[in-house]
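# Inside the fold
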Amino acid sequence: MRKIDIHNLIDNAKFNRFHWTVLFWCSLIIIFDGYDLVIYGVVLPLLMEKWNLSPLEAGTLGSYALFGMMFGALIFGTLSDRIGRKKAIIMCVSIFSGFTFINGFVETPLQFGICRFIAGLGIGGVMPNVVALMTEYSPKKIRSTLVTLMFSGYSVGGMLSAGLGIFLIPNFGWQSVFYVGLLPILLLPLIIKFLPDSVGFLAKQKRTEEAKKILSLIEPTYLPAAGDVLDSGEAKAAGASVSQLFKHNRTTSTIMFWIAFFTCLLMVYGLNSWLPKLMNKAGYELGSSLTFLLVLNFGAMIGAIGGGWLGDKFNLKTVLISFFAVAAISLSLLGFKNSTLVLYILIAIAGATTIGTQILCYAYVAQFYPINIRSSGIGWASGVGRTGAILGPILGGALLSLGLPFELNFVAFAVPGAIGALAVCFINVKHSHDSKVAFQKEESIQLDPIVADE
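Read on for a plain summary of the structure. Just so you know, these numbers come straight off a predicted model, no measurement behind them. (Residues numbered from 1 in each chain as written. Predicted model: local features only at pLDDT ≥ 70, side-chain atom pairs only at ≥ 80, totals over all residues. Heavy atoms only, no water.)

Another aspect to go through is the packing of helix α2 (residues 17-50) against helix α7 (residues 153-172). Across the interface, α2 lies against α7 with an axial gap of 6 Å and an inter-helix angle of 45 degrees. Here α7 runs oblique to α2, going by the angle between their axes. Where α2 crosses over α7, the two elements pack in a sense that is right-handed. Residues S27, I30, I31, G34, Y35, L37, V38, I39, V42, V43 and L46 of α2 form the contact with α7, whose participating residues are G153, Y154, V156, G157, G158, L160, S161, A162, L164, G165 and I169. Counted by class, the contact of α2 with α7 contains 15 nonpolar, seven polar and no charged residues. (Axes fitted to C-alpha atoms, helices over the stretch in contact; angles between N-to-C directions. Helix = DSSP H or I, 4+ residues; strand = E, 2+ residues; numbered from the N terminus. Parallel < 35°, antiparallel > 145°, perpendicular 65-115°, else oblique. Left-handed = near helix turned anticlockwise from the far one by under 90°. Contact = heavy atoms within 4.5 Å. Nonpolar A, V, L, I, M, F, W, Y, C, P; charged D, E, K, R; others polar.)

Below, the structure is given as structure tokens:
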């Protein structure tokens with residue numbers, strides 16, 4: 001009889017075809033997730049004209065999806081620690097895809113808001129689960145890189161949303177970009193077939209043969225035997241209770257994660273919702289205004305992948321603080337008169353260090369919490385942070401309503417970047433030796449380097 005340490009096997013495995021499969025399907029789901037989310041910023045100028053919305057009303061309407069995302073992250077992030085990542089992901093994809101498609105048929109702002117709220121439940125719920133799944137299956141040496149590479153699909157989705165908007169809206173109307181949202185549901189049979197569930201969850205559910213098969217794909221040198229006992233490190237774990245997020249000196253770090261998510265998501269969703277309108281107000285045509293959204297998300301993709309690589313190479317915490325600081329600086333500079341080229345460069349940098357920072361936050365929080373509370377930790381950080389996402393579009397609308405000088409609109413979005421950098425400084429405060437021993441004994445899980453180092 002052999003005792004197989006699941007986490008040690010995964011940590012030391014070499015990247016292979018199985019990892020590519022997980023990366024591909026998680027990335028594809030995030031691409032659709034990003035498309036469905038950024039779509040509001042694409043149609044916002046047209047909806048304001050169609051329904052005669054004030055900036056504040058438009059900002060509030062944009063926040064309906066973000067309210068849904070907040071509840072979706074809290075509900076499905078915690079639920080998946082009990083029912084499995086795969087089930088939760090399938091449920092969330094069905095919700096956000098179906099209601100994004102239905103959004104193309106609405107006639108009133110109220111109907112639009114209801115559909116966006118329900119779609120938001122799925123959009124917010126899927127994020128913590130694909131991050132947790134990708135984190136669980138990533139070899140330790142390239143974990144941050146793979147998670148951020150996967151999450152850069154969010155930016156690809158944003159670029160698709162803006163790119164298709166430039167082509168589809170003038171030819172087929174604003175509704176057409178919502179019809180594209182049906183595609184994920186059509187791909188569900190393939191997702192069900194090829195996306196694996198969490199191997200730790202399978203072991204906990206006594207689905208040993210399924211877990212062994214996945215482990216042999218992760219590490220081909222592992223040949224399953226009848227007497228193998230799979231050790232998921234959760235025999236003594238207290239479960240996925242929210243209270244676990246505050247045990248063993250995790251209280252300060254948990255709260256700081258929530259603040260970091262709040263400030264980052266405020267910047268991200270404020271920009272994604274209002275950048276086209278702000279540029280439109282500055283004198284740019286709608287088509288070129290949507291191009292700025294395209295550049296923002298392109299920069300985000302580069303920032304996410306580069307940030308993940310830097311995090312694996314150096315220290316993810318230091319990289320995250322730097323990204324927050326650069327975000328604050330680049331956003332401040334956006335409000336001043338610049339040449340078109342400089343403007344594009346600043347927007348790309350802002351995308352890299354706002355949306356890219358959000359992705360790094362997910363990678364960091366996923367590595368901080370042990371597996372039995374990982375989805376709960378990500379879900380609660382994301383869910384609490386969604387209050388910032390909700391306030392982002394509302395803040396943008398309020399600023400436009402006040403008629404402030406153009407540059408102050410961007411300075412207002414830069415302030416959260418400075419606060420976020422400060423919050424990250426206090427994450428993972430040094431634990432006492434006794435706390436570490438208690439933590440390891442209760443969780444029976446080997447700490448990730450990001451925790452052990454500090």
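This brings us to the pattern of salt bridges. As enumerated under the stated definition, the model contains five salt bridges in all. The residue D11 makes a salt bridge to R143 at a minimum N-O spacing of 2.5 Å. With D11 in helix α1 (residues 6-11) and R143 in helix α6 (residues 143-151), this residue pair connects regions lying 132 residues apart in the sequence. You can call D11 buried: its relative accessible area is 12%. R143 gets classed as buried once you look at its relative accessible area, which sits at 4%. E209 is the partner of K212 in a salt bridge, and the nearest nitrogen-oxygen pair spans 3.8 Å. Within this pair, K212 and its partner E209 are both found in helix α12 (residues 208-218), separated by three residues, close to a single helical turn. K212 gets classed as buried once you look at its relative accessible area, which sits at 3%. Because the salt bridges share partners, they merge into one network encompassing D11, K140 and R143. (Salt bridge = Lys/Arg side-chain N within 4 Å of Asp/Glu carboxyl O. Buried < 20%, exposed > 50% of the residue type's maximum accessible area, 1.4 Å probe, protein only.)

So, about the packing of helix α15 (residues 316-334) against helix α18 (residues 406-425). In contact at an axis separation of 7 Å, α15 and α18 are set at 170 degrees when each is read in the N-to-C sense. The angle between α15 and α18 falls in the class roughly antiparallel. Pair α15 / α18 crosses with left-handed handedness. Together, K317, L320, I321, F324, A325, A328, L331, S332 and L334 of α15 and F406, F410, F413, A414, G417, A418, G420, A421, V424 and C425 of α18 make up the contact between the two elements.

Before going further, it helps to examine unusual backbone geometry. In this structure, N52 is a non-glycine residue whose phi angle is positive, near 55 degrees. Within the element layout of this structure, N52 appears in the loop between α2 and α3 (55-83). Overall, N52 belongs to the exposed group, its relative accessible area being 67%. The backbone phi angle of K206 is positive, close to 65 degrees, even though this residue is not glycine.

Applying the stated criterion to the full structure yields 22 aromatic pairs. Ring plane angle 90 degrees and centroid distance 5.8 Å describe the contact between W174 and F178, whose orientation is recorded as edge-to-face. Each member of the aromatic cluster is reached from another via a ring pair, and the members are Y40, W51, F112, W174 and F178. (Phe/Tyr/Trp six-rings, centres within 6.5 Å; stacked < 30°, edge-to-face > 60°.)

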